[in-house]
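Chain and residue survey
One letter stands for each residue in the lines below.
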Amino acid sequence: MNVIDRDSLVGMVAGPLVWGAHFLTCYIAIAVACAFEFETGGPGEWGTVKTILLAVTGIALALIAVLILLAWHRWMQAGGFEKPRDSTQARHQFMAVGGLLLCFLSVVAVIYAAVPLFFLPACQ
Amino acid sequence: MTFRSARDLEEADRRDPGLRQLRSTWAPPKGFARLKEINNTFIGMLYVLTGIFFFVVAGILAALIRAQLAVPENDLISADWYNQIFTMHGTTMMFLFAVPMMEAIAIFVIPQLLGARDLPFPRVSAYGYWAYLLGGLMVLTSLLFKVAPDGGWFMYVPLTGPEYSPGYGPDFWLLGIGFIEVAAIAASIELIIGILKFRPPGMSMDRMPIFAWYMLVFGFMILLGFPPLVLGDILLEVERAFDWPFYDADRGGDPLLWQHLFWLFGHPEVYIIFLPGAGVLSTVIPVFARAPLAGYVWVVLAAVGTGFLSFGLWVHHMYTTGIPVMSLSFFSAASLAVAIPSGIQVFAWIATIWSGPGVLFRAPMLYALGAIFIFVAGGLTGVMVALVPVDFQVHDTYFVVAHFHYVLFGGAVMPVFAALHYWTPLVTGRLMSETLGRWSFGLIFLGFNVAFFPMHLTGLRGMPRRVYTYPADLGWDWLNMISSIGAYMVAAGVAVFLWDWLYWHRKHGQVAGYNPWNAGTLEWHSVTPSTNFSMRSVPIVSSTYPLWDEPELGDRVDRGEFYLPDSPDERRKTLRTGSVMGEPRQVIFLPHPAWSPIIAAIGTATFFGLAIFKLWWLCAAAALVIIIAGIIWMWDAEPLPAPNRYDVGRGETLPVHINGADTHGFWAMALLLIFDAAAFVSLIFSALFLWTVNRDLSPPVPEAEPGWALAAAGLAVLASVFFRLGAFANRRGSMIGLVLGPLAGLPAMFASGGALMGSLFDAGISPTENAFSAVYWTFAGWTGFHIGVGTIFIFYTLARALAGKVTPERRQSVMNVELFWHFTTGLALVSLIMIHLWPRVI
Ligand code: HEM
Ligand SMILES: [Cu+2]
């Protein structure tokens, strides 16, 4: 399919898209949990929400890891650091490295967002 | 034989019929009819002038603010005036200067940078420009009558709601700014498609000029960042005009909803302003450092990464509003993460300077370096206020005023001046004065720091923003005096700039000739001023800096060695290429100058202007003008010459007319619908948000028979099926099927809309009752609006069909209309779910 094609722009920004999904999930989950007063003994359990969000974080990181492997693979196929011979190879290198870097940025952003889960009370 | 001077060009014109044809094809109409011109060079020039005009107006307002605040207990300006003045200063700077100015510059240079003759939809840019001009003037007139909005540039409710602002002020803001957003969307669609599809052959994504990358991200950010504001605008205006209580806490609304919607837009907005500025820096710095941009792919990463992350920041403007700490921390996290790409960018610039043989300190470069300095300083205080506890302390003080002016000045104003110094020779054929440039830069840079650095201190000493005066002896007096002096230095610097830009250099400036900065990108390939058609022939490009890597390229372009070197049929046209690789795919016949865009813009302005005063019948008349102008405008769409091939030169021919999802027309419709969908998602967000903050008043379950809702859903799907059949019949060449499909679909859709409203009536839900019922009716209204627009589209399609303009080979408009109809069906279904299913489930 065209999306995982090596020339796909959507493929290039897949990492940040995962970050976006993770970010939204966390935001909505906390907003809903707090609205239902999970923390102060509402119908749900704060611990559960936290576990779910950590799991979601795990999934997000795993997904990005897969994307990193894919991009890495494509980059190696395109010759890695080698000087490109022709314009096709140059383009493939660019798309792969671009995707790779965006994935790294997304990893950092996802981890940043997950860190407070360990330290902060939820709703105050 | 690149043209090194204007005389070369005139001489070549005599010998060279291809060049002569191009020049006459692209010559603007003369005299008053010049206003019909839609070419991007003309529209871009007006756009830039208008942007600077609004900058000056907002600057005069800033001068008034600083005059008032220079000494304590001043009575130059009354409290009431002061509120209007700072609100209009902020509003004009943000909505009428910063964003449009970047669009303006892009509309002017992007086609030249990309070797295209024009943008994909020249009439849309023309319409957008006139809408911007008229809308801006409309907002400003409110100040003349002292009825300007006075609730601050972010217009917080309830202050701006019907109860506390009964006058016209907020309506001017909501409708005027709402109107200007139309122009922003027009420009964003134009730029996205222009950059993705109108590049020269061989310019694959990895060779795009870096400015184009930034503007691509900019376009997408407008497309996704403006919808929440548009929605918030609509909701607030509806609350003010018809008393639907979205933000009214007494009836289950919530003022915080406005803050969310505003900042969902407002934070991306900061980056929408700043990314093009960074794009200018990434363009200018390599030229004056005489080295290619270091780490191209890293800079692309920075632009794209910033674009994404900036959407995860909005709540950091709301730290003090009592949102759960955990949620706050997510936004704090993203605010810190977004510093990474910004940092990478700054390092890339430094590395570029490092790798070159030495910097040429010409005026554009001075402005660029000044921009980096100011922006980095603003970024440092930004990291400070991104920390929740710091923000608790300095929120709403002059510390924040200092911070965001540093960011905005460094991120937008200085780069704009750099860009104007750099690209003006493309318009006037002359260089701006170096001496005056140094003076204006010196005054602006020093003055800015003198004005705004002390504000950090006044802020830390507790001076709140938005106060029209202050008592003496709080330790604020002399700091304010210094700030005011600095502000007047900036004003003097801007005056020097304007004198040079508007007058001096046109008379006395050095003739720029060929590539005066020795730049590497295509807009400098030939003699200045550049022509309306940008390129004698559309070149084949093989690197990011074609003029550096292939010194003879300019000659070959001017000799007409590449694509589309002539225009025997006197039609304006350009090439369309593949999005990623940039291979030639199609010749686009561009429209010629016409009155329809300007008439449509005047109609739209009249519509919004009358809506301020609630003159609904006259509004309807204005809407009619818009529709008629729109239909005339669209009538000659989809040109299909026979045979459908055009000789583009170099022994190649390309099709002129293509159908399908790859065409620029289809993309425009799809992007417009993405915008629309984002606004609709914001509406869903609003419903969910109201629900989470209002747990005691859960959304009313419509106590109606589900029959209405099911009927509405069924009919909507049926309408889509009919339309599909009609389009299918057209493909098979059946005229009857083409006419019958939509004609059968239309009543189904109307019935569906009727049933949707019926279900609300039946349940006795009235929009003014509480916030949820108002939201339900907004869902219904949104769907209804699309049914209305879709109806116009259908009659337009049928008229085209009867005129023989719809055939199996020529079915693009039908495809676009069909897409719109399926989208409408989707809206109807989601609305039904939100009204009837969701309240039952929770
Ligand atoms: C030398 C030029 C400028 C000066 C002297 C200046 C001065 C000021 C001052 C003193 C305020 C605070 C008013 C108050 O809170 O009472 C203010 C607010 C503001 N300024 Fe500027 N400004 C300048 C340029 C700009 C630029 C270039 C932009 C944007 C691109 C901008 C955007 C804003 C905004 C958004 C506000 C907030 C308005 C509000 O509180 O609603 N300013 N300006
Ligand atoms: Cu922000």
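Residues numbered from 1 in each chain as written. Chains lettered and ligands numbered in written order. Predicted model: local features only at pLDDT ≥ 70, side-chain atom pairs only at ≥ 80, totals over all residues. Heavy atoms only, no water.

Right, let's talk about the overall build of chain A for a bit. The helix and strand inventory of chain A stands at five helices and zero strands. The secondary structure elements of chain A, listed N-terminal to C-terminal, are α-α-α-α-α. Every one of the 124 residues in chain A was classed for burial, and the buried ones make up 44%. Accessible surface, chain A: about 6,200 Å² in total, of which carbon and sulfur atoms supply 71%. (Helix = DSSP H or I, 4+ residues; strand = E, 2+ residues; numbered from the N terminus. Buried < 20%, exposed > 50% of the residue type's maximum accessible area, 1.4 Å probe, protein only. Areas by Shrake-Rupley, 256 points an atom, 1.4 Å probe, with all protein chains shown as cover.)

A few words on the interface of chain B and chain A. Every contact between the two is made by 38 residues of chain B and, on the other side, 38 residues of chain A. With both chains or domains summed, chain B and chain A bury close to 3,300 Å², and 85% of this area falls on carbon and sulfur atoms. Of all residues in chain B, Phe-308, Met-326 and Phe-330 of chain B give up the largest surface area on contact with chain A, accounting jointly for 21% of the area buried on that side. Where chain B touches chain A, the interface holds zero salt bridges. In this assembly, chain B and chain A are joined by one residue pair in polar contact (both at pLDDT 80 or more). Those elements giving two or more residues to the side of chain B that touches chain A turn out to be helix H9 (296-309), helix H10 (325-337), helix H11 (339-355) and helix H21 (664-693) of chain B. For the side of chain B that touches chain A, the element with the highest residue contribution is H10 of chain B, accounting for ten residues. In terms of residue class, the side of chain B that touches chain A is made up of 28 nonpolar, seven polar and three charged. (Contact = heavy atoms within 4.5 Å. Buried area = accessible area lost by both parts, 1.4 Å probe. Salt bridge = Lys/Arg side-chain N within 4 Å of Asp/Glu carboxyl O. Polar contact = N/O pair within 3.5 Å; in protein donor to acceptor, adjacent residues only side chain to side chain. Nonpolar A, V, L, I, M, F, W, Y, C, P; charged D, E, K, R; others polar.)

This part covers the site of ligand 1. Residue and element names in this part refer to chain B. In the neighbourhood of ligand 1, 23 residues make up the surrounding shell, with Tyr-82, His-89, Trp-153, His-405 and Arg-466 lying closest. In the model, an oxygen atom of ligand 1 is placed 3.0 Å from a nitrogen or oxygen of the Arg-465 side chain. Listed by contribution, the elements that provide at least two residues to the shell around ligand 1 are helix H3 (40-69), helix H4 (79-113), helix H14 (398-428) and helix H16 (477-508). When grouped by side-chain class, the residues that make up the shell around ligand 1 number 16 nonpolar, four polar and three charged. (Near = heavy atom within 4 Å.)

We now examine the coordination of the iron atom of ligand 1. Residue and element names in this part refer to chain B. Protein coordination of the iron atom of ligand 1 is provided by His-89 (NE2) and His-405 (NE2), with donor distances spanning 1.9 to 2.0 Å. In this structure, the iron atom of ligand 1 is surrounded by six donor atoms whose angles at the metal cover 87 to 179 degrees, and the resulting shape is octahedral. Taken together, the residues span a long stretch of sequence, with His-89 in helix H4 and His-405 in helix H14 at a distance of 316 residues. (Donors = N, O, S within 2.8 Å, 3.2 Å for Na, K, Ca; no water. Tetrahedral: all angles 85-135°; square planar, octahedral: opposite > 155°, others 65-115°.)

A word on the nonpolar core. All names here are of chain B. Residues Ile-110, Trp-213 and Trp-423 are the most contacted members of the largest nonpolar core, which totals 290 residues. In contact with Trp-423, not counting residues within four places along its chain, are Ile-105, Val-109, Phe-211, Val-280, Thr-283, Glu-523 and Trp-524. Counting 17 residues, the second-largest nonpolar core is a separate cluster that includes Ala-719, Ala-727, Val-817 and Trp-821. (Core = buried A, V, L, I, M, F, W, Y, C linked by side-chain atoms within 4.5 Å.)

Here we come to the domain arrangement of chain B. Residues and elements named next belong to chain B. In terms of domain boundaries, chain B breaks down into domain 1 (11-508), domain 2 (597-633) and domain 3 (676-841). Each of domain 1 and domain 3 has a C-alpha centre, and these two points are 37 Å apart. Facing the 21 residues of domain 1 at the interface are 21 residues of domain 3. The junction of domain 1 with domain 3 conceals about 1,600 Å² of combined surface from both sides, 77% of it contributed by carbon and sulfur atoms. Scanning the region where domain 1 abuts domain 3 turns up zero salt bridges. The interface formed by domain 1 and domain 3 holds two residue pairs in polar contact (both at pLDDT 80 or more) in total. Put simply, the parts of the chain that give the side of domain 1 that touches domain 3 at least two residues each are helix H7 (210-242) and helix H8 (255-289). Counted by class, the side of domain 1 that touches domain 3 contains 15 nonpolar, three polar and three charged residues. (Domains from an automatic or database assignment.)

Residues and elements named next belong to chain B. Across five bridges, strand E1 (residues 573-577) lies against strand E2 (residues 584-589) in antiparallel orientation. Bridge pairing in E2 links Leu-575 to Val-587. Linkage of E1 to E2, two consecutive antiparallel strands, is achieved through a turn of six residues, within which Gly-582 is found at a positive phi near 75 degrees. (Pairing = 2+ DSSP bridges.)

What follows is about the environment of Pro-17 of chain B. Residues and elements named next belong to chain B. With respect to the element layout, Pro-17 can be found in helix H2 (residues 17-26). Exposure remark for Pro-17: the relative accessible area of 44% places this residue in the partly exposed category. When the C-alpha atoms of Pro-17 and Pro-568 are compared, they prove to be 8.9 Å apart, with 551 residues separating the residues in sequence.

Scanning the entire structure with this criterion turns up zero disulfides over all chains. Looking at the unpaired Cys-103 of chain A, the closest cysteine sulfur is the one in Cys-26 of chain A, lying at 18 Å. (Disulfide = S-S within 2.5 Å.)

On to the pairing of strand E3 (residues 646-649) of chain B. All names here are of chain B. Of the pairings in the sheet, the one linking E3 to strand E4 (residues 652-654) comprises three bridges and is antiparallel in character. Each residue of the ladder has a partner; that of Gly-649, found in E4, is Glu-652. Counting the residues that bridge the hairpin from E3 to E4 gives two residues, and of these Arg-650 lies at a positive phi of roughly 55 degrees.

Residues and elements named next belong to chain B. Applying the stated criterion across every chain, the model contains 22 salt bridges over all chains. Of the charged contacts in the structure, one is a salt bridge between Arg-251 and Asp-248, with a shortest N-O distance of 3.3 Å. With a closest N to O distance of 2.9 Å, Asp-662 and Arg-585 form a salt bridge. Of the two residues, Asp-662 sits in the loop between E4 and H21 while Arg-585 sits in strand E2, which places them 77 residues apart along the sequence. The partly exposed category is assigned to Asp-662, whose relative accessible area is 29%. Among the charged side chains, a network of salt bridges with common partners joins Lys-197, Arg-576, Glu-583, Arg-585 and Asp-662.

As a further point, take the packing of aromatic side chains. All names here are of chain B. Within the structure shown, the criterion is met by 66 aromatic pairs over all chains. With a centroid separation of 6.1 Å and an interplanar angle of 85 degrees, the aromatic rings of Phe-589 and Tyr-646 are classed as edge-to-face. Placement of Phe-589 in strand E2 and of Tyr-646 in strand E3 is noted, with a sequence separation of 57 residues between them. A relative accessible area of 12% places Phe-589 in the buried class. A cation over a ring is seen here: Lys-197 above Trp-667, with NZ or CZ 4.4 Å from the ring centre. (Phe/Tyr/Trp six-rings, centres within 6.5 Å; stacked < 30°, edge-to-face > 60°. Lys NZ or Arg CZ within 6 Å of the ring centre and 35° of its normal.)

Left-over empty space is what a probe sized like a water molecule reveals as it rolls over the atoms. Residue and element names in this part refer to chain B. A full pass over the atoms with the stated rule returns eight cavities of 30 Å³ or more. Its boundaries defined by the atoms lining it, the largest cavity holds a volume of some 130 Å³. For the largest cavity, the lining is made up of 17 residues, of which His-525, Ser-526, Val-527, Thr-531 and Ser-534 are closest to its centre. The residue makeup of the lining of the largest cavity, split by class, is eight nonpolar, six polar and three charged. (1 Å grid on protein atoms, 1.4 Å probe; cavity = no way out; pocket = protein on both sides within 12 Å on 5 of 7 lines; lining within 4 Å. Points joined across faces, edges and corners; volume = space filled by probe spheres on them.)

Here we come to the side chain of His-525 of chain B. Locating His-525 of chain B in the fold gives a position in the loop between H16 and helix H17 (546-549). Among the polar contacts listed, one links the side chain of His-525 of chain B to the backbone oxygen of Leu-522 of chain B, at a separation of 2.9 Å.

Now for the side chain of Ser-543 of chain B. Residues and elements named next belong to chain B. Looking at the element boundaries, Ser-543 is found in the loop between H16 and H17. Judged by its relative accessible area of 13%, Ser-543 is buried. At 3.4 Å, the side chain of Ser-543 forms a polar contact with the backbone nitrogen of Tyr-545. In terms of polar contacts, Ser-543 uses its side chain to reach the side chain of Asp-549, at 2.6 Å. In contact with Ser-543, other than residues within four places in its own chain, are Arg-207 and Asp-549.

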